Amino acid sequence: MNTYSSALRALIVLFSFDSAFAMAEEQPIENVLVTGSRLAVSQANLPLNTTVITRETIEASSSPSILDLLRQVSGLHVSQYGGRGGASSVFIQGAEPNFTVVMIDGLKVNDPNNSRGGSFDFATLNLAEVERIEIARGAQSSIYGSDGLSGSINIISRNATTEAEAAVELELGEQGFHRTSLYASKPITEQHTFSVNLSTTDDGDGVQGNAFENDTAGLRLRGTGALDYDVTARWAEADARSFPEDSGGPTLAQLRELEKRNHSQASLAGQAQWQPKDQLEIVFLSNFLDQDEQIDSPGIAPGVRSGVPATQSKANLRRLQLGSHAIFSYATDYSFTVGADYQKEKGEQIGSVEFAPGFELPTDFMLTRETVGIFAEARYQATHQTTLSASLRRDDPTGHTPKITGRLGLEYTSGNSRIYAAWGEGFKLPSFFALGHALVGNPDLKPETSRNWSLGIDHKVSEHLQFSLNGFHNSFQDLIDFDFDLFTNVNRSEVQTRGLEFSTNWQIQEKFNVAAHATYVDVDIRSSQDKLRQRPDWRGGVSLNWHPLAKVSLQLHWLYVDGFFDSAVPTGGVNLDGYSKLDASLHWEPNDAVSLWLAVDNASDEQYFESVGFEAVGIRTRLGLKWQL
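As the structure is a computational prediction, the values presented were derived from the model and not from experiment.

Undergrad: Report on the overall build of the chain, specifying residues and quantitative values.
TA: Per the secondary structure count, the chain includes six helices and 36 strands. By its C-alpha atoms, the chain is 70 × 55 × 45 Å across when sized along the principal axes. By residue count, 53% of the 629 residues in the chain fall in the buried class. Of the contacts formed within the chain by residues at least 6 apart in sequence, a portion of 64% connects residues at least 24 apart.

Undergrad: Describe the pairing of strand β8 (residues 130-137), listing the residues and the values that go with them.
TA: With eight of eight residues buried, β8 lies mostly within the body of the structure. When strand β3 (residues 50-53) meets β8, the two strands line up antiparallel, connected through four bridges. Within the sheet, the bridge partner assigned to Thr51 lies in β8 and is Ile135. In the sheet, β8 pairs with strand β9 (residues 151-157) via seven bridges, with the strands oriented antiparallel.

Undergrad: Which residues make up the pairing of strand β19 (residues 359-362), and what values go with them?
TA: Pairing geometry for strand β18 (residues 334-356) and β19, over four bridges, is antiparallel. Residue pairing in the sheet places Ser352 in a bridge with Pro362 of β19. Hairpin connection from β18 to β19: two residues lie between these consecutive antiparallel strands, with Gly358 at a positive phi of about 85 degrees.

Undergrad: Talk me through the sheet that holds β9; I want residue IDs and the actual numbers.
TA: Spatial ordering of the open sheet is given by β3-β8-β9-β6-β7, a layout of five strands whose pairing is mixed. Looking along the sheet, the strands with just one partner apiece sit at the ends: β3 and β7 (107-108).

Undergrad: Before we move on, could you go through the environment of His178 and cite the residues and values that matter?
TA: You can see His178 is positioned in strand β11 (residues 178-187). Looking at His178, the relative accessible area reads 31%, which means it is partly exposed. It is 9.8 Å that separates the C-alpha atoms of His178 and Glu213, two residues lying 35 residues apart in sequence. Those residues in contact with His178, other than ones at most four positions away along the chain, are Glu171, Leu172, Thr200, Thr201 and Asp202.

Undergrad: How would you summarise the packing of aromatic side chains if you had to cite specific residues and measurements?
TA: For the structure on display, the rule yields 13 aromatic pairs. On the basis of an interplanar angle of 40 degrees and a centroid distance of 5.3 Å, the ring pair of Phe99 and Phe476 is categorised as tilted. Of this pair, Phe99 sits in the loop between β5 (88-92) and β6 (100-104) while Phe476 sits in strand β25 (residues 465-483), and the two are 377 residues apart along the sequence. Comparing Phe99 with Phe476 shows no difference in burial state: the two are buried. These aromatic residues form a ring-pair network of at least three members: Phe328, Tyr330, Tyr334, Phe336 and Tyr380. Cation over ring: Arg158 sits above Tyr183, and NZ or CZ is 3.9 Å from the ring centre. One residue, Arg622, lies across the ring of Phe177, its end atom 5.8 Å from the ring centre.

Undergrad: Residues and numbers for the nonpolar core, please.
TA: For soluble globular proteins, the rule of thumb is that nonpolar side chains tend to be buried together. Leu70, Phe122 and Ile155 are the most contacted members of the largest nonpolar core, which totals 27 residues. The set of elements that each furnish at least two residues to this core consists of α3 (66-70), β4 (76-80), β5, β6, β8, β9 and β14 (227-242). Here the element with the most residues in this core is α3; it accounts for four residues. The residues contacting Phe122, other than those within four sequence positions of it, are Ile66, Leu67, Leu70, Ser88, Val90, Val102, Ile153 and Ile155.

Undergrad: Describe in detail the side chain of Asp341, supporting the description with residues and values.
TA: Position of Asp341 among the secondary structure elements: in strand β18. One polar contact links Asp341 to Arg393, side chain to side chain, over a distance of 2.9 Å. Among all residues touching Asp341, those that are not within four sequence positions of it are Arg38, Leu322, Gly323, Thr371, Val372, Gly373, Phe375 and Arg393.

Undergrad: Describe unusual backbone geometry, naming the residues involved and giving the relevant values.
TA: Here the phi dihedral of Gln93 falls at roughly 55 degrees; this positive angle occurs in a residue that is not glycine. Among the structural elements, Gln93 can be located in the loop between β5 and β6. Even without glycine at this site, Asp478 takes up a positive phi of about 55 degrees. Within the secondary structure, Asp478 is located in strand β25. We classify Asp478 as partly exposed; its relative accessible area is 26%.

Undergrad: I'd like a rundown of the pattern of salt bridges, residues and numbers included.
TA: Inspection of the entire model under this criterion finds 41 salt bridges. A salt bridge links Glu425 to Arg451; the nearest nitrogen and oxygen atoms lie 3.6 Å apart. Of the two residues, Glu425 sits in strand β23 (residues 417-428) while Arg451 sits in strand β24 (residues 448-462), which places them 26 residues apart along the sequence. One salt-bridge network, in which partners are shared between bridges, spans Arg55, Glu59, Glu169, Glu171, Arg179, Asp203, Asp601, Arg620, Arg622 and Lys626.

About the criteria used
- Residues numbered from 1 in each chain as written.
- Predicted model: local features only at pLDDT ≥ 70, side-chain atom pairs only at ≥ 80, totals over all residues.
- Heavy atoms only, no water.
- Helix = DSSP H or I, 4+ residues; strand = E, 2+ residues; numbered from the N terminus.
- Buried < 20%, exposed > 50% of the residue type's maximum accessible area, 1.4 Å probe, protein only.
- Contact = heavy atoms within 4.5 Å.
- Pairing = 2+ DSSP bridges.
- Phe/Tyr/Trp six-rings, centres within 6.5 Å; stacked < 30°, edge-to-face > 60°.
- Lys NZ or Arg CZ within 6 Å of the ring centre and 35° of its normal.
- Core = buried A, V, L, I, M, F, W, Y, C linked by side-chain atoms within 4.5 Å.
- Polar contact = N/O pair within 3.5 Å; in protein donor to acceptor, adjacent residues only side chain to side chain.
- Salt bridge = Lys/Arg side-chain N within 4 Å of Asp/Glu carboxyl O.

In structure tokens:
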């Protein structure tokens, strides 16, 4: 893997001196969401349960990966097959992982070529490249179209700042873990600036048979003037090794050969805003994604369930997104937007399944899909306390009938309380794998659909204590499932999930903060007696942040996950025990230029399984250094 050593040295020299250009101070945007709405609304004014993870939170947590960071978010459950070399899943409110729209800088990165129905593997992201993460729960199809059945997650790249700055981070850990990154930002002129981010990670060998190496590079250009623009380019590559999913992992797998995966992704995302009048803003969007994935799997020996034959595949996905919308604002109580977008996806896979030595069948497919969408969204502040919102969208995808989705929202503010309610619809087009796979594909599959509602309250008890409580109900229809008798994919399942999400933050003293979260999810499969895998009823956690000294801080993150059902080929269906884990980190800033930290992952050395036979990483110590140049 490329460690970028020459590029690191060159960029350190380039950004180590002050800029000769001065720029106007940027307006703070931390409270403005770019996810869940096409209107510029604050997090407190969107009638959904939302979470924003800032760069400050990312650095303070010292988390080794984005997956460990997401574990501390209410309503989300994270599952991983061992270390980062195994596939990962993020469930929102008990829904399937592929029911979440995942974006990087607004560019959709769900992969319809994979066998997981189009979910995104978060292990391929490096936290060093992330400025913030925005999570919106509830149906998002009226905003983003297909895939938005249960929520959206938008990962936003590191900002290009108004002053020249650069920083290097180095981190070493037990079991071969190491990470290196460089972030640099520099103004070009008074209105234009750019930033660069490079990172490389090796997750080590904390889990038997698991290996993961990841390199990323990103560039961001931003400018203001008659036309404001924001352009990000990103490249990422990951090499992974692990036991196959459902194999029983290093504990139970009969075949000891590892599955090999190589993933590469190149993307370009651009947005421009033009404001010809005070009440009118026109936004232009243009995104492109080119992604390759190569998988060589040894298969799984038969057990309680039938075995899985060895497979090989090379897949490529290309996605082009173009769009524009106009935002109209009248006074301070009414705003709306109308627009259209176009998406073209081309998915191709060349592969084979080895049913017996010398007997292979091809799994090739090549599909192209174009979707034209038109949409509208409006917000109306009916009174000083009450705000109404609505969005409506029509998508016309090739090969499927047009889909119309909507969302309605209501907010009411009284004193220190905000009460909100929302109802929404979502849909997801069948993945290319489900439609076109030469052996199990079914070209007659219908889109999966959802309807959900939520009711929540955000309340500020005092200046130092606040909490949020959100109730939700989701109904998913026409879920795509594999029929063993017909040996093909079919629409047949109906699933409902309902539950509660709770979070609180208490600033006990100036130097001591406590945050907590808890989630309850009940999953009901209406069309059968089957159980869905990896859906714990309860999960929650507590985070402590203590500053005993001015330049010293201690963070503790405790997570509890209830027992849950899972399945694997060697065992069939089994119930896995619940678990808890404790992560700790100690930060010291001896001066303004240097930060040091000592982190201990799974400090209690809890031995637990997130999936059958795949034991999680045990206790691991990491030592890190950040140097501001």
